[in-house]
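The lines below spell out each chain.
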Amino acid sequence: MRITIGFFTFLLLCFMLAAQMAPPLVATGWFDVEPHRVMSRLAQFIMLLGIWPLLRALALTDRVALGYGRSEQQWWRNVLCGGMLGVIMLLVLVLALLVLQIRIPDTAVHFWAGIVGKIAQAVFGGLLIGLIEETFFRGALYSAIRRHNGVRSAAIGSALLYAAVHFLKPGALPVGMTFDSASAWMLFGHTFTDALSWQHLDSFSALFCCGILLALVRERSGHIGWCVGIHTGWVLVIQLTRWLTDSNPNAPLASLVGNYDGIIGWLAALWISVLIVIYRWLMPRLMNITK
């Protein structure tokens, strides 16, 4: 777990630097957004600046280590196939949520109005998120841990950090509080303590299972093309589902989804766990057939 802790420490330092820099930056008046959003975006910008030196220090700058060890044509073909697979995976979950009335259609939304633009926006956003997150988690982080500790540690370590990062977001300042150095460090503390809150356990578990599945796909395929595609498909379905449906907190089984995005939760964790078992059982048999 030493490599995982090292990557987490890198994220910690980025947030610490953002907490130090955010108050004077907000004081300039250049940004007409909430201070916690400035701090969050600043932390992300610092991560982008620091990730390449970190990868160089860990000797993870070659294409194979980052998960791009295939021809460009084959890699993008796998991204496309992965995207279709990711859509199918999440559509099954969304259909279950609709049947259980955990999510209900938004009657105020006109389906055909702007649907092409919404799909294009979701695909672009999903692809961008997939490229960034998969390069970091199933590319650099997975390769670093696997090199020193093996496949099992790489899958678990990358999945743990992947799930945790989704909850590392500074919350809004209390009403009436001035954003200064003291309040910035308060937000910094809450960023990490809130991420460990029990209320996130259901969504955290679902994201952890997603990380494990993506790690297995990365190991079997030898690159992150499939992972990027699956991730893109997931984001596409989630964004369209949140546009076309509303959460129903009065549903008898509403507790099966978490408060992270109203879609993932215990039911998603169960579904992805089933897919993990199927994948681990099915892939060796397919490989034996094709030998």
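Analysis parameters
- Residues numbered from 1 in each chain as written.
- Predicted model: local features only at pLDDT ≥ 70, side-chain atom pairs only at ≥ 80, totals over all residues.
- Heavy atoms only, no water.
- Phe/Tyr/Trp six-rings, centres within 6.5 Å; stacked < 30°, edge-to-face > 60°.
- Helix = DSSP H or I, 4+ residues; strand = E, 2+ residues; numbered from the N terminus.
- Buried < 20%, exposed > 50% of the residue type's maximum accessible area, 1.4 Å probe, protein only.
- Lys NZ or Arg CZ within 6 Å of the ring centre and 35° of its normal.
- Expected span 1.5 Å × (residues − 1).
- Salt bridge = Lys/Arg side-chain N within 4 Å of Asp/Glu carboxyl O.

Participant: What is the right way to read the packing of aromatic side chains from this model?
Facilitator: Each pair of aromatic rings is reported with the distance of its centres and the angle of its planes. Across all of its chains, the model carries eight aromatic pairs by this definition. Taking the centre distance of 5.4 Å and the plane angle of 85 degrees together, the rings of Phe7 and Phe136 count as edge-to-face. With Phe7 in helix 1 (residues 2-27) and Phe136 in helix 5 (residues 115-149), this residue pair connects regions lying 129 residues apart in the sequence. Accessibility classification places Phe7 together with Phe136 in one group, the buried group. Taking the centre distance of 4.9 Å and the plane angle of 80 degrees together, the rings of Phe136 and Phe137 count as edge-to-face. Phe137 gets classed as buried once you look at its relative accessible area, which sits at 4%. Note that Arg138 overlies the ring of Tyr162, its terminal NZ or CZ placed 4.4 Å from the centroid.

Participant: Before we go on, may I ask you to explain helix 4 (residues 72-99) in this structure?
Facilitator: Turn by turn, an α-helix covers 3.6 residues, leaving residues three or four places apart pointing in a common direction. Given a rise of 1.5 Å per residue, 28 residues ought to cover 40 Å, and the 41 Å separating the end C-alpha atoms of helix 4 matches this to within 8%. For helix 4, the full list of buried residues reads Trp75, Asn78, Val79, Gly82, Gly83, Gly86, Met89, Leu90, Leu93, Val94 and Leu97. The first or second residue beyond helix 4 is Gln101, which carries a positive phi of 60 degrees.

Participant: Is there a simple way to explain the pattern of salt bridges in this structure?
Facilitator: Here the idea is simple: oppositely charged side chains can pair when their charged atoms come close. Within the structure shown, the criterion is met by three salt bridges. Between Glu34 and Arg37 there is a salt bridge, with the nearest N and O atoms lying 3.2 Å from each other. Of the residues examined, Glu34 reaches a relative accessible area of 38% and is grouped as partly exposed. Assessed through its relative accessible area of 41%, Arg37 is described here as partly exposed. Arg138 is paired through a salt bridge with Glu134; the nearest N and O atoms lie 2.8 Å apart. Of the two residues, Arg138 and Glu134 are both situated in helix 5; the distance of four residues between them amounts to about one turn of the helix.

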